[in-house]
Amino acid sequence: MERLIEKWQDKISEVTIGAKKPIKIGGETGIYFIDGEDKCPNPPRVAMEVWDMDPEAWPEALRSSFGKALNDPVEWAKLCADKFSADLICLRLASTHPDTKNTSREEAGKVVENILKVISVPLIVIGSSAPEKDNDVMAYCANVAKGENCLFGIATQNNYKTLAAACLSSGHSIISEAPIDINIAKQLNILICDMQFQADRIVIHHATGALGYGLEYTYSIMERTRLAGLSGDKMLSMPMINFVGQEAWRTKEAKTGQKDTGVLWETATATAYLNSGADIIVMNHPKAVEEIKKTVHRLKA
Amino acid sequence: MEEFKITFLPENKSVHIDRGTDLLTAALKTSIHIYNSCGGEGVCGRCKVIVKKGDYITEGSGRITEIEREKGYVLACRTTPESDMEILVPEESMLGDLEILTEEIKAKRLAGLYTPVEEIEEERHKATAKIFKHGPLSTKIFLKLPNPTIDDNSGDADRLLGEIKKRHKEINIIQMGLSNIKKLPRLLRESGWEVTATIGNRNKTTEVVLIESGDRSKKNFGVAVDIGTTTIVAYLVDLDSQKVLGSKASYNPQVDFGEDVISRIIFAQHEKGLEKLHHAVIDTVNTLIDSLIKEVKLTLDDVTAVICAGNTTMTHLLLKIDPAYIRKEPYIPAVNFMPVIRAAEAGVKINPRGLLACLPCIGSYVGGDIVAGVLASGMDKIKDLSLFIDLGTNGEVVLGNKEWLMSCSTSAGPCFEGGGLKSGIRAMKGAIQNISIKNNLIKCQTIGDLPPKGICGSGIVDIISELLKNKIIDRSGKIKNNKIYNIRDSEGAKEIVLVEAKDSAINKDITIDENDIKNLIHSKGAIYTGIEVLLKEAGLKKSDIKHIFIAGGLGTALNIRSAINIGLLPDLPEENFVFLGNTSVAGAKTCLLSSEAMEAAETIANKMTYLDLSTSASFMNNYSAALFLPHTDIEMFPSVKKILNTV
C-alpha cells in the first residue's frame, strides 16, 4: 500500500542565533523523523547549561563531570563548547536572584561579556526567575551583548515588555514561555509581535516536564503547536526550546538513584522532546549530550 | 438578648437589632437597600457603609482600602454592633429607589435598559404579534341568554355553556367550577339573563372563569411580566384592543439575597429563605400591577390574566417551588411546563379567579425568558439561520431556524449589568453608556446626560474598544505605560481615570482598572465561546448566520462596532444585527394575547435542545482562546484586524 505523505501548507520560521559562528534553527516543512515528511533543513541543536555561580544543589553524579569549572562560568562555558561539543551555551544568571547572591547587573554583564570573548558558539542567556530583578539584569546584559545575536529569555505573559524592548534594541532573539497552554503561547507571541518584534526572532518554550513529571502534557502541546504552525498559524510557527537538563536532574530518581539514572533520565526526556518537535534542547550532563547528539544523527540518517 | 438601635443616614431610619446581627440585615429590616452581590458573604465588597457613631466588631476585608478604613468604612455584612450606632450609607452603596417609577423623570432612568412601549409596538414585536391569531389567555364574551320556559327547560349552567358553544364552535370541552354554578341562578335572574362570561384557556381546555352581570366584554385586561434576575418589568395590556396601556419596571428586590441565580438557590435553602425570595418577587409584581391599573383607573377585578416569563429559577421562586435541585446534578427543575393556575394560588393579586401562566422553560439553565425571546424575535419562523443572544448575567445563546433550535447558557457574569466592576453600576440615570476617545481626550456620555455616577454594561464595552483602538491597552487587556492619560497604580493593578472626582456625581474618580478589563474579557469570552460551541455542534460556520438578535439590559445603547472590536459579537456585517430590547416581556405579551403564541412557545421549548457547556470537550480550549482582545485567532475578526493593524 502506498504511504500517505502529509503535505503541509506552511513552514516553521527560521531563527538565526549567534554572530561568530551563527546557527539556524527551525525552518521545518514537515514533522521531524517521520520518514518522507521530515523536510527539516536544520537539525535540532543541543545547548549546554552554564551557571554564573556554583549550582550547589546539583547531584554529585552531575557535578563530577565539570570539576572546578563549576566555580568559573567562563571556564565552564569553554569546557562545554570545546570538550563536550555543545552547539550552544545557555548561561543561567542564577546568582542575580535576590534570594541567592543578589549580584548586580554590572557583575552579570561582565560574565556575559567574558563568556562571549572565549566561545564562538552562539549564546543563550536566561535570568534567575525573579521578574523584577530579571528586567533590570536582562535589559543591561542585552545591551552588553549588543550585536552578538543571542537568544534571551524568558518572556512570560505577565512580564515580557522590558525584555522584548531590550532584545529589540540590541538585536537579540527572545524565548516566549507559556504554562503548557497553546492559547497563552499564541497570545504572548502576538503581544510581543505587536511591539514590532519580528516573528522570526521568537523561540517558544512550553514549560518542560521531565519523564514521569508531566512530559506527556508538554509533549502534546508541542505537537499541537507544530501542527498549527505547519498549517499556517503564523503566531505558532516558531521553533521550540526545552530545558531538559534542569528538569531531569531535579527528579527524585536522578538525585537518589544509581550513578547512571540521571543521565538516562535526561537522555530519555530529551529523546521524547526531539520527537515532539523541539529545535533546541538545553541539557546538563556531557554523557547525555553525547547520546542525544548521536540520536539526532541516527534519526536523521 | 441585648438590643441595639441602629440609625441609617441620610434617610434617618432606625431599627432595633440583637447583638450579633450584621448591619446589612439591619438595613434590610428598615427597607434600606444596600448594594451587594454576594448575598452577605463578605466577598463582593459592595456593601460599604461609614460608621458615624458607636462601637462595633468588624471582620477585616481586603475590599476596604487603608484610606477608607481611616474614614470609618466597613462592610455592612461583616459588621455587628456593640452599642447603638449611626451608619451613613454612601451614595455608591445605595441600591437606588425601589419605589415604582411613576414620574416621567424616573421612568427615564430605565430608558437605557428597556425599549419604550411605543417602540415595541411599532417595531418587530408588532409584526410578531400579527403572526398569531388574537385569542387571549382569557376572553370575555357578552351573552344574552334566552329566558327559560317550560319547554326550554335546561339548567342555568347548561344554558350558559350551550350559548357559549353556539358562539364558539371551536370549543369542544368546556368546564365550570362549582363555585360559579352556585352563584349562577341568582346572578342570571338579577341581571335579566344578560351576563358576561370570562373564558380562560387552561391547559388545552376551556374554563368558565368568571360570570359577571351585564356587558363587561370591553373590560378585560391582562398583565405581561418579565421576571429578570435583576429587574422586573410589567406591561398592562387591553386584551380586547391588544393595546399596551402602560409599562412599569422595578428592581428585583431578591438582589438583596444574592446577585445571581445560584446564590439565590442557596439562599432559598436557609430558614424561611424560599419564603423571603417568594415574597420579594410577589410583592414587587403586585405593586407593579397595582400602580399600572390605578394609572388608567381600573380595578383589580378587571385584570383576569397574568403571564410571566423568567428564567427557570425565577419561575420557581415566583411559584414558591423549592429550586434546590436545579443546582444539583443532574440539574432537574421541578417543572418546565407549568400548567395555568389561578393567580391567587401564587399570591398574585388580580381578579380572585384570574389566571396565571408562565412561559415554559427548557431546562435548569435556560428558561421562559429565552423562550419568550425566541418567540419575540421570530427566529423559529424563518428558514435563515439566526442567532439570539441575551446579554444578561446568564448570557444565554440560541442558534437555529424554523427547523431546529439549540441553546446554551454561558454564565457570563454580571459584567454587562455593571456588576463586578470597580466603577460599575446598572444602566441607571447618570451611568456612562457611551465613550469615545478623540485627540487624546476621553469623552463620556451618560444616560440622561447627567454628571456621571459610574459605568454601565454598554459603557464598559465601548471603553475597552476605545482603549484597544487607541493602543492604551494591549490585546491581553493590560494597560500600557503612557503619559497622556491619567494612569496610576491601584492595589497592584493599573487603572485609568475616566472622570475625575470633581466632575462626577459621586465625588469619587470613575476609573477602570486591569481587573475590570479582565472581568469583561472573561464575560465576553464566555458569550463568544458559547456561540462558537453551538456553531461547531451544529456543524455550521459563522458566515451561515443571517440574523443576530440581541436582547437584554444593555441592548438599546450597545455599540455593535465596539462589541465586535472586543470580540463579544462575531465579526459579521453590522446590518445583520438587530436590537430587540427586552424580549422577555415582549414574548410574554404576545402569549397573553394569543393562545396560538403560547402554543408556539411550547413548541419552541419542546424543540430547543440544551447544550451543557461544562460537558463540551472543546469549550475550555475555545474559552481560553477567547480570553484575548478580540480573540487569540485574529483571523476570526478580519475587520478588527484592519482597525488594529495587528497579527
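Only a predicted model underlies this, so the values are computations on that prediction, with no experimental measurement involved.

**Details of the overall build of chain A**
No. 1: Helix and strand content of chain A: 11 helices and 10 strands.
No. 2: Radius of gyration (C-alpha) of chain A: 18 Å, near the 19 Å computed for a compact globule of 301 residues.
No. 3: Contacts in chain A between residues at least 24 apart in sequence constitute 67% of all its contacts with a sequence separation of at least 6.
No. 4: In the structure as shown, chain A presents an accessible area of about 12,500 Å², 51% of it carried by carbon and sulfur atoms.
No. 5: Of the side-chain charges in chain A, 34 are positive and 39 negative, and the distance between the mean point of each set is 4 Å.

**What to know about the overall build of chain B**
No. 1: Of the regular secondary structure elements, chain B holds 19 helices and 29 strands.
No. 2: For chain B, with 647 residues in total, the buried portion stands at 60%.
No. 3: Across chain B, contacts joining residues at least 24 apart in sequence account for 66% of those joining residues at least 6 apart.
No. 4: As displayed, chain B has an accessible area near 26,400 Å², and 50% of this comes from carbon and sulfur atoms.
No. 5: Averaging the coordinates of the 78 positive side-chain charges in chain B and doing the same for the 84 negative ones gives two points 3 Å apart.

**As for the packing of helix 3 (residues 105–118) of chain A against helix 4 (residues 131–144) of chain A**
Residue and element names in this part refer to chain A.
No. 1: Remark: helix 3 packs on helix 4, axes separated minimally by 9 Å, with the N-to-C direction vectors making an angle of 35 degrees. Crossing handedness for the pair helix 3 and helix 4: right-handed. On helix 4, the residues touching Arg-105, Glu-106, Ala-108, Gly-109, Val-112 and Glu-113 of helix 3 are Asp-136, Val-137, Tyr-140, Cys-141 and Val-144.
No. 2: Looking at the contact of helix 3 with helix 4, its residues break down into 6 nonpolar, 1 polar and 4 charged.

**Describing helix 8 (residues 261–268) of chain B**
All names here are of chain B.
No. 1: Burial runs high along helix 8: 6 of the 8 residues are buried.
No. 2: The complete set of buried residues in helix 8 reads Val-261, Ser-263, Arg-264, Ile-265, Phe-267 and Ala-268.
No. 3: Where helix 8 begins, the capping side chain belongs to Asp-260, and its oxygen is found 3.1 Å from the backbone nitrogen of Ile-262.

**Regarding the interface of chain A and chain B**
Interface size is often expressed as the accessible area that is lost when the parts come together.
No. 1: Taken residue by residue, the interface counts 14 residues in chain A and 15 residues in chain B.
No. 2: Both faces combined, the contact of chain A with chain B buries some 1,100 Å², and carbon together with sulfur accounts for 48% of it.
No. 3: If you sort the residues of chain A by the area they bury against chain B, Asn-183, Gln-187 and Ile-190 of chain A come out on top, with a joint share of 39%.
No. 4: On inspection of chain A and its partner chain B, the count reaches 2 salt bridges.
No. 5: Across the pair Asp-474 of chain B and Lys-161 of chain A runs a salt bridge whose closest N-O atoms are separated by 3.8 Å.
No. 6: At the surface where chain A touches chain B, the tally comes to 7 residue pairs in polar contact (both at pLDDT 80 or more).
No. 7: Among the elements that make up the side of chain A that touches chain B, the one with the highest residue count is helix 6 (residues 182–193) of chain A (7 residues).
No. 8: Partitioning the side of chain A that touches chain B into residue classes produces 6 nonpolar, 3 polar and 5 charged.

**A short note on the pattern of salt bridges**
All names here are of chain B.
No. 1: Under the defined criterion, the tally for this structure stands at 46 salt bridges over all chains.
No. 2: When the shortest N-O distance is used, the salt bridge between Arg-561 and Glu-574 registers 3.6 Å. Placement of Arg-561 in helix 15 (residues 560–565) and of Glu-574 in the loop between helix 15 and strand 28 (577–581) is noted, with a sequence separation of 13 residues between them.
No. 3: The partly exposed category is assigned to Arg-561, whose relative accessible area is 23%.

**Comments concerning helix 14 (residues 514–538) of chain B**
Residue and element names in this part refer to chain B.
No. 1: With 25 residues, helix 14 should cover 36 Å at 1.5 Å per step; its first-to-last C-alpha distance of 36 Å lies within 8% of that length.
No. 2: Counting buried positions along helix 14 gives 18 out of 25 residues, so the element sits mostly inside the fold.
No. 3: Just downstream of helix 14 lies Gly-539, where phi reads positive at about 70 degrees.

**Comments concerning unusual backbone geometry**
No. 1: In this model, Gly-153 of chain A is joined to Ile-154 of chain A through a cis peptide bond whose omega is 5 degrees.
No. 2: Looking at the secondary structure, you find Ile-154 of chain A in strand 6 (residues 151–155).
No. 3: The amide bond that connects Leu-629 of chain B to the next residue, Pro-630 of chain B, takes the cis arrangement and shows omega of -10 degrees.
No. 4: The residue Pro-630 of chain B is located in the loop between helix 18 (619–626) and helix 19 (638–644) in this model.
No. 5: Non-glycine residue Gln-242 of chain B carries a positive phi angle of around 70 degrees.
No. 6: For Lys-272 of chain B, which is not a glycine, the phi torsion comes out positive at approximately 60 degrees.
No. 7: By secondary structure assignment, the location of Lys-272 of chain B is in the loop between helix 8 and helix 9 (273–295).
No. 8: Lys-272 of chain B gets classed as exposed once you look at its relative accessible area, which sits at 52%.

**Regarding the sheet that holds strand 8 (residues 202–205) of chain A**
Residue and element names in this part refer to chain A.
No. 1: Spatially, the 8 strands line up as an open sheet ordered 8-7-6-5-4-3-10-9, and their pairing is parallel. Both edges of this open sheet fall to strand 8 and strand 9 (241–243), since each of them pairs with a single strand only. Each strand of the sheet is rotated relative to its neighbour by a mean of 25 degrees, with strand direction disregarded.
No. 2: Here 4 bridges tie strand 3 (residues 45–51) to strand 10 (residues 280–283), and the two strands are oriented parallel to one another. Considered in strand 10, the bridge of Ala-47 is made with Val-282.

**A word on the sheet that holds strand 16 (residues 341–342) of chain B**
Residue and element names in this part refer to chain B.
No. 1: With mixed pairing, the 6 strands of this open sheet are ordered in space as 14-13-12-15-17-16. Two strands lie at the open edges of the sheet, namely strand 14 (244–251) and strand 16, each paired on one side alone.
No. 2: Of the strand pairs in this sheet, strand 15 (residues 303–310) and strand 17 (residues 355–358) are connected by 4 bridges, and their pairing is parallel. Looking across to strand 17, one finds that Ile-307 is bridged to Ala-357.

**Overview of the domain arrangement of chain B**
No. 1: In terms of domain boundaries, chain B breaks down into domain 1 (3–93), domain 2 (104–132 + 219–358), domain 3 (138–213), domain 4 (377–414 + 521–644) and domain 5 (422–516).
No. 2: Put simply, the middle of domain 1 of chain B and the middle of domain 4 of chain B, counted by C-alpha atoms, are 40 Å apart.

Reading guide: rules and limits
- Residues numbered from 1 in each chain as written.
- Chains lettered and ligands numbered in written order.
- Predicted model: local features only at pLDDT ≥ 70, side-chain atom pairs only at ≥ 80, totals over all residues.
- Heavy atoms only, no water.
- Helix = DSSP H or I, 4+ residues; strand = E, 2+ residues; numbered from the N terminus.
- Rg over C-alpha atoms; globule rule 2.2 N^0.38 Å.
- Contact = heavy atoms within 4.5 Å.
- Areas by Shrake-Rupley, 256 points an atom, 1.4 Å probe, with all protein chains shown as cover.
- Lys, Arg positive; Asp, Glu negative; His and termini not counted.
- Charge placed at Lys NZ, Arg CZ, Asp CG, Glu CD.
- Buried < 20%, exposed > 50% of the residue type's maximum accessible area, 1.4 Å probe, protein only.
- Axes fitted to C-alpha atoms, helices over the stretch in contact; angles between N-to-C directions.
- Left-handed = near helix turned anticlockwise from the far one by under 90°.
- Nonpolar A, V, L, I, M, F, W, Y, C, P; charged D, E, K, R; others polar.
- Polar contact = N/O pair within 3.5 Å; in protein donor to acceptor, adjacent residues only side chain to side chain.
- Buried area = accessible area lost by both parts, 1.4 Å probe.
- Salt bridge = Lys/Arg side-chain N within 4 Å of Asp/Glu carboxyl O.
- Expected span 1.5 Å × (residues − 1).
- Pairing = 2+ DSSP bridges.
- Domains from an automatic or database assignment.

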